[in-house]
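# Structural overview
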Amino acid sequence: MPVFKTPFNGYSVKFSPFYEDRLAVATSQNFGILGNGRLHVLSLSPNPSQPFTEIAAYDTADGIYDVSWSESHDSLLVAAVADGSVKLYDTALPPTSNPIRSLREHTREVHSADYNPLRRDSFLTSSWDDTVKLWTLDRPSSIRTFKEHSYCVYSAVWNPRHADVFASASGDCTLRVWDVREPSSTMVFPPHEFEVLTCDWNKYDDCIIATASVDKSIKVWDVRSFRVPIAVMNGHGYAVRKVRFSPHVRNLLVSCSYDMTVCVWDFMVEDALVSRYDHHTEFAVGVDMSVLVEGLMASTGWDELVYVWQHGTDPRAL
Amino acid sequence: MSTNSPPQNQGAESAQPAANVDQQGATATEEPVKQSSSPSVFVNSEPMREEQVQNAVKFLSHPRVKGSPVMYRRSFLEKKGLTKEEIDEAFRRVPDSAPTVQTGGVSQDGQVKSSSNIQQQAQPQALQPGLPASTGVNTSSATLSRSRFHWSHALIAIGVLAASGAGTAIVAKNSILPRLKSWIRKVVVEDDEELKKVDRKPTLVEEAAQAAKSAAAAAADVAKASQDMLISKEEERKHFVEVVSLLDKQVQEMKSMTNALRRMEGQDLRITQTNTKQLLVNGNGKADYDLHSVRSTSPPVSYEPPSSLNPKSYMEIMNMVQRGEKPSNTRSWEVGQVQNSSTQVLQAQGSGEYLNSMAQDSTQSNGDGDDALPWWQKKNARIREIDNENEYNGNGSSYGAASYQPPPQRTWVPPQPPPIAMAEAAEAIRRPKPAAQKDQTSDTQSVGNSSDVSDEVTRIPRRSESEGVVEGGSTSSIPSSVEIQEDQELKQE
């Protein structure tokens, strides 16, 4: 299975929604504390001797914490940069004209970026300045700012079935569900007693959302009855950094954690842990499942490696 | 769809009974219909819980809470699981708290954000965006007009002050200052004379006191040193006595053996004697080695990773950043900000490397660590013990390849320091008397100690070494490190 070594510590990996062999990796130098960042666009090749080819690499002045592919253009990327800027890249343009836009509105580090898969014209960025901002590609400034959290917003994710609904997970231990048509959040509840680091909607059931937190657990909720979780999944040894629902299997979700493992869970089953991969030798902070290829997943971590493998196989196998 | 919130709430409330039924009945057929019309699924459809609201009211009425920012109060209530409606209701019931629903608003950059801020301060609840925006604009213009007057007033005032200041400065220079200076000179002269007289007396007294103190200290040191010398001499004597007794025993054994041999065979005494001599030598060597076994090693050179090494661990980089250094591998074109809140994000509970570096840092920070020292040495000690045993078992044939200090001659005890652990064990097993002595000395020394208990605790194993060192020191040339150690001990105490 292909492994790619990045020069900096990996932070996020995302498969392209257009090409099944393409993925983007966001990396930051010095673990993202202080230093530069680099955005890699990689292509998987069937050639076993050179499994990855780097289509493009863009350097930034500060670390990149997250990347998101555009749903409207196959070569566009949105990068969430640690200096508070949001940068747009176009791989079809030469590197000298990249980034095509640098949007500077957040006052703290931008932690996540998510592109609207339904409307395809807008994207969200969430930041440590407690806000979530809504942008479109054509405007140089944000359309809306959602400021209700009282601490860093670690993740903002669009609902895959409702074009105007999104959820935000924050360090103030709450999860908020928003509707862009509403002036304020429509729902707020505390899924964990500690900071909620990530959230993701189920791709098949539009009211189900998974959250994961510093308390090492992953909880799956139905927003209609949010007092009690549908499922609680323990098993990680440390804080869970990212959670992603599978686009192919209704009940499957994948998580990565500071215990250096990537785990796959089935939350409808009593013994939820399906498989555990411990290929990383440092914090595993980014994970993604491909929409185009069933079972294909990628992960990256602070050990500067990006693995791409098929679910059920060993990521380190050649 | 620009719907105002009050009608929205009514719509949601009307959907509540249906939603409640859904929660109980769990039929999702009605949901899709509602979703197409209004996103009521993503709205909290529970009725307000009165108990929660009352708890919130108590919380908000607490005097301490009233001093805290409103954001924190809201955030606290949200963390407790209250819904928006419940929180708003609680704020409504507690009259003087400023309930703010912080609206996103239709914002286009900073202007409307500031107006929304003004809006928050002025009026509670989300209202139609038109009116508050206009009032905000009006108030801002009024303040601007007032401020213009303030600026001109300020300029005039500054000019007047400057002129008056200049005038007073001139006056002072010409008339007041010379008078002051002459007065001050007189006073200073008088003071100096007084001080000189006064100083002479106290300096004499002080000097005498200091001399006395130093003399006393010196006397105390001398007394201590002489005491230690006496103690060490006594212990050496005791060692001698025991060695002699051991030798006597061995001699007796030899005699008995030789007698037995004579009786049995009456053969060459020389052969037997040489054998026994070898045994003696071995035995002596061993005894001597044990005697000199208690010597502490010099602490290992503490290893600090050079800062230019790549790759560095997370903790090293954090430390560098906190010290203000920049990691060397960054290229700066727009200087990035230090993310000192990364610790908040990463509730780091350790990767492998991170934990190891933490451990390293902690041991290094203990400074030639008390922790690092014995642990490291204990390990080596065990290895040495085994090696030495092997050597002896091999009848002295193997001049241990594994030994760390190649001993040139068997009989002569190597001056190199052996392990602490062995020393303690040896001491404990062989000598109860020195243990008693140790207690005495440790008592006398601990009286002099004014420092913490922890120091004493860590000191005790060291004291045992020093005692042992002193014991062993008499039988062979004392290496200087021992004395230095002792001196250090004394100084530290």
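Conventions and cut-offs
- Residues numbered from 1 in each chain as written.
- Chains lettered and ligands numbered in written order.
- Predicted model: local features only at pLDDT ≥ 70, side-chain atom pairs only at ≥ 80, totals over all residues.
- Heavy atoms only, no water.
- 1 Å grid on protein atoms, 1.4 Å probe; cavity = no way out; pocket = protein on both sides within 12 Å on 5 of 7 lines; lining within 4 Å.
- Points joined across faces, edges and corners; volume = space filled by probe spheres on them.
- Helix = DSSP H or I, 4+ residues; strand = E, 2+ residues; numbered from the N terminus.
- Nonpolar A, V, L, I, M, F, W, Y, C, P; charged D, E, K, R; others polar.
- Pairing = 2+ DSSP bridges.
- Axes fitted to C-alpha atoms, helices over the stretch in contact; angles between N-to-C directions.
- Phe/Tyr/Trp six-rings, centres within 6.5 Å; stacked < 30°, edge-to-face > 60°.
- Buried < 20%, exposed > 50% of the residue type's maximum accessible area, 1.4 Å probe, protein only.
- Lys NZ or Arg CZ within 6 Å of the ring centre and 35° of its normal.
- Parallel < 35°, antiparallel > 145°, perpendicular 65-115°, else oblique.
- Left-handed = near helix turned anticlockwise from the far one by under 90°.
- Contact = heavy atoms within 4.5 Å.
- Patch = residues over 30% accessible without salt bridge, like charges linked within 9 Å, V, L, I, M, F, W, Y side chains within 5 Å.
- Areas by Shrake-Rupley, 256 points an atom, 1.4 Å probe, with all protein chains shown as cover.
- Salt bridge = Lys/Arg side-chain N within 4 Å of Asp/Glu carboxyl O.
- Polar contact = N/O pair within 3.5 Å; in protein donor to acceptor, adjacent residues only side chain to side chain.
- Lys, Arg positive; Asp, Glu negative; His and termini not counted.
- Charge placed at Lys NZ, Arg CZ, Asp CG, Glu CD.
- UniProt positions renumbered as here; feature names shortened; annotations may be inferred.
- Core = buried A, V, L, I, M, F, W, Y, C linked by side-chain atoms within 4.5 Å.

## Points about empty space enclosed by the protein
All names here are of chain A. In this structure the tally under the stated criterion is ten cavities of 30 Å³ or more. If you trace the second largest cavity, you find 19 residues lining it, with Asp66, His111, Ser112, Tyr154 and Lys242 closest to the centre. Of all the secondary-structure elements, those providing two or more residues to the lining of the second largest cavity are strand E2 (9–15), strand E6 (64–69), strand E10 (110–115), strand E14 (153–158), strand E18 (196–201) and strand E22 (240–245). For the lining of the second largest cavity, the residue count by class is eight nonpolar, five polar and six charged.

## Concerning the sheet that holds strand E25 (residues 273–277) of chain A
Residue and element names in this part refer to chain A. Strands sit in the order E22-E23-E24-E25 across an open sheet of four strands; the sheet is antiparallel. At either end of the open sheet lies a strand with only one pairing partner, and these are E22 and E25. Going from strand to strand, the sheet's axes swing by 20° on average, the running direction of each strand aside. By the bridge criterion, five bridges tie E22 to strand E23 (residues 252–257) in an arrangement that is antiparallel. What sits directly across from Val240, in E23, is Ser257.

## Let's talk about the sheet that holds strand E20 (residues 218–222) of chain A
Residue and element names in this part refer to chain A. One open sheet holds the four strands; their spatial order is E18-E19-E20-E21, and the pairing between them is antiparallel. Edge strands, defined here as strands with exactly one partner in the open sheet, are E18 and strand E21 (231–233). Taken over all neighbouring pairs, the strand axes of this sheet differ in orientation by 20° on average, direction set aside. Bridge analysis of E18 against strand E19 (residues 208–213) gives five bridges, and the strand direction is antiparallel. Counterpart to Val196 in the pairing with E19 is Ser213.

## Brief notes about the packing of aromatic side chains
Under the defined criterion, the tally for this structure stands at 22 aromatic pairs over all chains. Between Trp201(A) and Phe42(B), the aromatic rings sit 5.6 Å apart at their centres with planes inclined by 90°, giving edge-to-face as the arrangement. Here Phe42(B) lies in the loop between helix H2 (30–37) and helix H3 (50–61) and Trp201(A) lies in strand E18, a pairing that spans two chains. The exposure class assigned to Phe42(B) is buried, which follows from its relative accessible area of 1%. Centre to centre, the rings of Tyr258(A) and Phe283(A) are 4.3 Å apart; their planes meet at 25°, and the pair counts as stacked. Placement of the pair is Tyr258(A) in the loop between E23 and strand E24 (262–266) and Phe283(A) in the loop between E25 and strand E26 (284–289), with a sequence separation of 25 residues. As far as the burial class goes, Tyr258(A) and Phe283(A) line up, both buried. The rings of Tyr11(A), Phe31(A), Tyr65(A), Trp128(A), Tyr258(A), Phe283(A), Trp302(A) and Tyr314(B) are connected pair by pair, giving a single aromatic cluster. The ring of Tyr19(A) has Arg22(A) lying over it, and the distance from NZ or CZ to the ring centre is 4.3 Å.

## Details of the packing of helix H5 (residues 70–79) of chain B against helix H6 (residues 84–93) of chain B
All names here are of chain B. Two elements in contact, H5 and H6, have axes whose closest approach is 10 Å; the angle formed by their N-to-C orientations is 135°. Compared by their axis directions, H5 and H6 come out oblique. Here H5 runs over H6; the crossing is right-handed. The residues of H6 that touch H5, namely those facing Val70, Arg73, Arg74, Leu77 and Glu78, are Lys84, Ile87, Asp88 and Phe91. A class-by-class count of the residues in the contact of H5 with H6 yields four nonpolar, no polar and five charged.

## Points about a nonpolar patch on the surface
Residue and element names in this part refer to chain B. Residues Val171, Ile176, Leu177, Leu180, Trp183, Ile184 and Val188 make up a contiguous nonpolar surface patch of roughly 630 Å² in combined accessible area. Within the secondary structure layout, Ile176 lies in helix H8 (residues 130–264). Owing to a relative accessible area of 44%, Ile176 belongs among the partly exposed residues under this scheme.

## Focus: the packing of H3(B) against H6(B)
All names here are of chain B. Axis separation between H3 and H6 bottoms out at 9 Å; the angle between their running directions is 45°. Considered as vectors, H3 and H6 are oriented oblique to each other. Helix-helix and strand crossings are classified by hand; for H3 and H6 the assignment is right-handed. Touching Glu50, Gln52, Val53, Gln54, Ala56, Val57 and Leu60 of H3 are Glu86, Glu89, Ala90, Phe91 and Arg93, all from H6.

## Thoughts on the pattern of salt bridges
All names here are of chain A. Counted according to the given criterion, the structure contains 22 salt bridges over all chains. Residues Arg181 and Asp164 are paired through a salt bridge, measuring 3.4 Å at the closest nitrogen-oxygen approach. Taken together, the residues Arg181 in the loop between strand E16 (175–179) and strand E17 (187–189) and Asp164 in the loop between E14 and strand E15 (165–170) connect sequence positions 17 residues apart. For Asp164, a relative accessible area of 9% puts it in the buried group.

## Overview of the side chain of Lys133(A)
Residue and element names in this part refer to chain A. Positionally, Lys133 belongs in strand E12 (residues 131–136). Assessed through its relative accessible area of 2%, Lys133 is described here as buried. At a separation of 3.2 Å, a polar atom in the side chain of Lys133 contacts the side chain of Glu105.

## A short note on a negative patch on the surface
A cluster of acidic side chains, namely Glu190(B), Asp191(B), Asp192(B), Glu193(B) and Glu194(B), defines a negative patch on the protein surface. The residue Asp191(B) is located in helix H8 in this model.

## Some details on the UniProt feature "repeat: WD" (unreviewed entry) in chain A
Under the local residue numbering, the UniProt record ascribes the feature "repeat: WD" (unreviewed entry) to residues 103–145, 146–188, 189–225 and 233–275 of chain A. The distance from the first to the last C-alpha atom of residues 189–225 of chain A is 11 Å, and the span holds 0% helix and 49% strand.

## Considering H5(B)
Residues three or four positions apart in an α-helix share a direction because the helix packs 3.6 residues into each turn. Within H5(B), the full set of buried residues consists of Arg73(B), Arg74(B), Ser75(B), Leu77(B) and Glu78(B). For H5(B), the secondary structure elements touched by its buried residues are E16 and E17 of chain A together with H3, helix H4 (63–66) and H6 of chain B. Just downstream of H5(B) lies Gly81(B), where phi reads positive at about 100°.

## Examining the nonpolar core
Ranked by size, the top nonpolar core spans 21 residues in total, and within it Phe31(A), Ile33(A), Trp302(A) and Tyr314(B) carry the most contacts. Sort the elements by how many residues they give to this core and helix H10 (residues 314–323) of chain B lands first, with five residues. By size, the runner-up hydrophobic cluster in this structure holds 18 residues, among which are Val177(A), Trp221(A), Val223(A) and Phe226(A).

## Re H6(B)
The element H6(B) is extensively covered by neighbouring structure, given that seven of its ten residues are classed as buried. Where H6(B) is concerned, the buried positions are Lys84(B), Glu86(B), Ile87(B), Asp88(B), Glu89(B), Ala90(B) and Phe91(B). The elements touched by buried residues of H6(B) are E17 of chain A together with H3 and H5 of chain B.

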